[in-house]
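Coordinate analysis (summary)
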Amino acid sequence: MAIEEQKDKRISVFDRIIGFMPKFYVIGTILIFVYTLVAMARLGIQTLKNPEETTVPAPPVSQGFEHTLISLIIEPIVTSEFYQIIFNTLFLYLVWILLFLLAPIAFYRLKHFKFF
């Protein structure tokens, strides 16, 4: 009896969207990491072709202190293209996770919403 009732029950559009969401999430996650791998491969190829262009010029020395915390730690991270790719990936993945955590919570009460 239970199988016959499930066959007769119509699947709503909302149920179809809910069923598609995990697949969409996985596809988006894969695309983010493929973007990262492609960007890193392009950077690696660019570095192999022109190794002299990839070196970062030394920043001008300020008066007083030659080396500050910013010039020693923060500046190499900010100017490195490799770290920029990693931080872009982390940001995109964080937004992707938040989208799939917060959007279902926001629309949870709309489960029984009817237009007419």
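Residues numbered from 1 in each chain as written. Predicted model: local features only at pLDDT ≥ 70, side-chain atom pairs only at ≥ 80, totals over all residues. Heavy atoms only, no water.

Considering the packing of aromatic side chains
The tally for this structure, following the rule as stated, stands at seven aromatic pairs. The interplanar angle of 55° and the centroid separation of 5.5 Å between the aromatic rings of phenylalanine 24 and tryptophan 96 together place this pair among those described as tilted. Placement of the pair is phenylalanine 24 in helix H2 (residues 13–49) and tryptophan 96 in helix H4 (residues 81–106), with a sequence separation of 72 residues. Given the relative accessible area of 35%, phenylalanine 24 is considered partly exposed. Since its relative accessible area comes to 16%, tryptophan 96 is described here as buried. Ring plane angle 55° and centroid distance 5.5 Å describe the contact between phenylalanine 33 and tyrosine 93, whose orientation is recorded as tilted. Note that phenylalanine 33 is positioned in helix H2 and tyrosine 93 in helix H4, a separation of 60 residues in sequence. You can call phenylalanine 33 partly exposed: its relative accessible area is 40%. Relative accessible area serves as the criterion here: at 24%, tyrosine 93 is assigned to the partly exposed category. The rings of Phe20, Phe24, Tyr25, Trp96 and Phe100 are connected pair by pair, giving a single aromatic cluster. (Phe/Tyr/Trp six-rings, centres within 6.5 Å; stacked < 30°, edge-to-face > 60°. Helix = DSSP H or I, 4+ residues; strand = E, 2+ residues; numbered from the N terminus. Buried < 20%, exposed > 50% of the residue type's maximum accessible area, 1.4 Å probe, protein only.)

Thoughts on the confidence of the model for the protein
Of all residues in the protein, 72% attain a pLDDT of 70 or more, and the chain-wide mean is 79. The secondary-structure element of the protein with the lowest mean pLDDT is helix H1 (residues 2–8), recorded at 59, while H2 shows the highest, at 89. (pLDDT = per-residue confidence, 0-100.)

What about the environment of glycine 44?
Relative to the elements of secondary structure, glycine 44 occurs in helix H2. Using a relative accessible area of 32% as the deciding quantity, one classes glycine 44 as partly exposed. Separated by 38 residues in sequence, glycine 44 and phenylalanine 82 have C-alpha atoms that sit 9.3 Å apart.

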